[in-house]
Amino acid sequence: MDLDAFTLFERHINPGLAGLLRFTGLDRVESHAEGPYVWDTQGKRYLDFLGLYGTLNLGHRHPKVVEAVKRQLDRMPMSVRVLVSEPTARLAAKLAEITPEGLEMVFFGNSGAEAVEAAIKLARAYTGKPGIVTTQGGFHGKTMGALSLTPKPEYQDPARPLLPGVKVVPYGDLKALEAAIDEDTAAVIVEPIQGEGGIRVPPEGYLRGVRELTREKGVLMIADEVQTGLGRTGRLFGVDWEGVAPDLMTLAKALGGGVMPIGACVGRREVFEVFKNNPLFHSSTFGGNPLAAAAALAAIEVTLEEDLPGRALELGRHLMEGLKALKEEHPHLIEDVRGRGLMVGVEFTDADIGALVVAEMAERGVLTAFGLNNPKVVRLEPPLIIGKEHVDEALAVFAEALKATEKALEGLLG
């Protein structure tokens with residue numbers, strides 16, 4: 001018997017996730033995608049307002065990125081690693097050019113979690129200290145080191161013991177951070193806006209405060225820009241909102257242009273000194289491979305040429321205005337609307353209400369999802385290439401989903 005792909009996924013990959021997808025009406029199989037749209041194998045079209053959690057800043061299959069990867073594929077898809085890859089070297093130089101002042105060196109991996117792992121190792125090697133301070137609600141990945149900095153019991157407990165020396169402080173609280181830093185602290189890691197934590201925007205001045213405090217205490221500041229980087233928030237990088245230059249910055253998701261996976265840890269030259277005497281201190285067979293580097297170079301070019309940060313800022317304002325109007329209409333369902341640029345979160349009064357809204361939107365052809373560390377929050381992170389008409393379409397569907405959810409709740413209660 002030829003089983004369908006969803007059944008195979010449920011049987012051989014992740015039955016728990018398959019059940020969750022079924023509950024939210026997403027027990028479909030994707031077929032193809034273009035721009036801001038995705039089609040399933042039954043021919044239904046969806047407006048993608050999730051964007052692979054901030055990965056698809058350029059939408060699906062951006063022609064310039066696809067063409068760059070095709071050219072590189074015909075030339076040399078994988079590096080032999082004992083010679084230097086030209087696309088990889090040029091990408092490193094481009095990142096040194098566009099990231100905040102002082103960030104000149106790059107380590108390439110394949111994901112955000114790998115970029116965080118590199119940052120942890122570099123911070124420890126540079127300072128000679130083991131401790132890392134992270135924040136409540138923070139999300140930095142699920143590999144062992146990154147997981148240790150992602151304080152959610154559901155993810156951490158089955159894998160304990162984790163990396164020692166990690167302290168957790170409330171996000172946005174400089175006094176708590178100052179109290180947590182001690183003589184064993186190597187670095188503080190912080191997201192400019194918490195993504196999986198529920199699109200939490202810190203108080204104004206928080207990032208500057210973290211930078212000043214870490215400099216004063218002689219520890220490193222790691223900015224996790226895996227979700228916020230490359231235009232998502234309305235600035236090229238999230239730290240640009242406060243003019244902050246961290247010691248290390250992690251990038252991934254949008255860096256690959258929505259076509260190739262790639263992660264990068266960008267840092268100050270002196271923090272990378274460990275590679276001088278120990279060039280194989282940290283490495284990755286596939287990290288920054290020629291295909292991924294070609295995709296990233298094209299993605300950066302498109303992002304700058306089309307001013308996608310500016311586009312995100314403009315369309316984000318329009319989206320937020322529409323969502324806040326819906327909040328006024330449904331105060332018993334929606335607690336808060338927040339975000340920057342096209343990184344927007346809608347916090348519901350209950351996580352189950354958010355799940356119902358996600359399901360109702362999917363039924364009407366708009367894809368969203370809730371935050372992994374805060375399921376009460378439905379996040380909207382559409383491609384930055386969308387137009388005002390796409391925002392209006394999503395807002396109309398959101399309004400319909402709220403009404404349908406209200407009706408469903410009335411039926412359950414009464």
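About the criteria used
- Residues numbered from 1 in each chain as written.
- Predicted model: local features only at pLDDT ≥ 70, side-chain atom pairs only at ≥ 80, totals over all residues.
- Heavy atoms only, no water.
- Salt bridge = Lys/Arg side-chain N within 4 Å of Asp/Glu carboxyl O.
- Helix = DSSP H or I, 4+ residues; strand = E, 2+ residues; numbered from the N terminus.
- Buried < 20%, exposed > 50% of the residue type's maximum accessible area, 1.4 Å probe, protein only.
- Patch = residues over 30% accessible without salt bridge, like charges linked within 9 Å, V, L, I, M, F, W, Y side chains within 5 Å.
- Areas by Shrake-Rupley, 256 points an atom, 1.4 Å probe, with all protein chains shown as cover.
- Expected span 1.5 Å × (residues − 1).
- Polar contact = N/O pair within 3.5 Å; in protein donor to acceptor, adjacent residues only side chain to side chain.
- Arc of directions from axis to C-beta.
- Contact = heavy atoms within 4.5 Å.
- Domains from an automatic or database assignment.
- Buried area = accessible area lost by both parts, 1.4 Å probe.
- Pairing = 2+ DSSP bridges.

Turning next to the pattern of salt bridges. Applying the stated criterion across every chain, the model contains 25 salt bridges. Where Glu305 meets Lys64, a salt bridge forms, and the shortest distance between an N and an O atom there is 3.4 Å. Taken as a pair, Glu305 in helix H12 (residues 290–305) and Lys64 in helix H4 (residues 63–75) lie far apart in primary sequence, 241 residues in all. Judged by its relative accessible area of 40%, Lys64 falls in the partly exposed class. In this structure, Asp247 and Arg268 form a salt bridge, with 2.6 Å as the shortest nitrogen-oxygen distance. Placement of the pair is Asp247 in the loop between strand S8 (220–224) and strand S9 (248–251) and Arg268 in strand S10 (residues 263–268), with a sequence separation of 21 residues. The class for Asp247 is buried, based on a relative accessible area of 4%. On the basis of relative accessible area, Arg268 is assigned to the buried category, the value being 18%. Among the ionic contacts, a cluster of salt bridges with common partners joins Glu335, Asp336, Arg338, Glu347 and Lys376.

Next up on the list: a nonpolar patch on the surface. There is a patch of nonpolar side chains on the surface, built from Met76, Val80, Val82 and Leu83 and spanning about 420 Å² of accessible area. In this structure, Leu83 sits in the loop between H4 and helix H5 (86–98).

Taking 1.5 Å of rise per residue, the 16 residues of helix H6 (residues 112–127) would be expected to cover 22 Å, and the 22 Å separating its terminal C-alpha atoms lies within 8% of that figure. For H6, the set of buried residues is Gly112, Ala113, Ala115, Val116, Glu117, Ala118, Ala119, Ile120, Leu122 and Ala123. You can read the cap of H6 off the contacts: a side-chain oxygen lies 3.2 Å from the backbone nitrogen of Glu114, and it is on Ser111. Just downstream of H6, Gly128 is the residue with a positive phi angle, here 70°.

Here we take up H5. Note on helix geometry: an α-helix contains 3.6 residues per turn, so any two residues three or four positions apart are oriented the same way. Along its 13 residues, H5 runs 19 Å from first to last C-alpha, staying within 8% of the 18 Å computed at 1.5 Å per residue. Those residues of H5 that fall on the buried side of the exposure criterion are Pro87, Thr88, Leu91, Ala92, Leu95 and Ile98. End-on view of H5: buried residues confined to an arc of 140°, all on one side of the axis. Along H5, exposed side chains directed more than 90 degrees from the buried face belong to Arg90 and Glu97. On its buried side, H5 packs onto H4, strand S4 (103–109), S9, S10 and H12.

What follows covers the domain arrangement of the protein. Considered domain by domain, the protein is made up of domain 1 (23–54 + 307–413) and domain 2 (63–306). Relative placement of domain 1 and domain 2: their C-alpha centres are 27 Å apart. Taken together, the 26 residues of domain 1 in the interface contact 33 residues of domain 2. Of the roughly 2,400 Å² buried between domain 1 and domain 2, counting both surfaces, carbon and sulfur atoms make up 55%. For domain 1, the biggest contributors to the area lost against domain 2 are Arg340, Met343 and Asn373; these three give 33% of the whole. Applying the counting criterion to the domain 1 and domain 2 interface returns 1 salt bridge. With a shortest N-O distance of 2.6 Å, Arg379 and Glu196 are connected by a salt bridge. Counting every contact that joins domain 1 to domain 2 gives 13 residue pairs in polar contact (both at pLDDT 80 or more). Looking at the side of domain 1 that touches domain 2, the elements that each hand over two or more residues are helix H3 (51–54), helix H13 (308–329), strand S11 (334–340), strand S12 (343–348) and strand S15 (377–380). Ranked by residue count, the leading element in the side of domain 1 that touches domain 2 is H13, at 4 residues.

Across a regular strand the side chains alternate sides, sitting on one face of the sheet and then on the other. The pairing of strand S1 (residues 30–34) with strand S2 (residues 37–40) spans 4 bridges and is antiparallel. Pairing of Glu30 across the sheet is with Asp40, part of S2. Counting the residues between successive antiparallel strands, the hairpin from S1 to S2 contains 2 residues, one of them, Gly35, with a positive phi of roughly 60°.

With respect to the element layout, Gln72 can be found in helix H4. Residue Gln72 is classed as buried on the basis of its relative accessible area, which comes to 8%. Beyond its immediate chain neighbours, meaning those up to four positions away, Gln72 contacts Pro77, Pro87, Pro290, Leu291 and Ala294.

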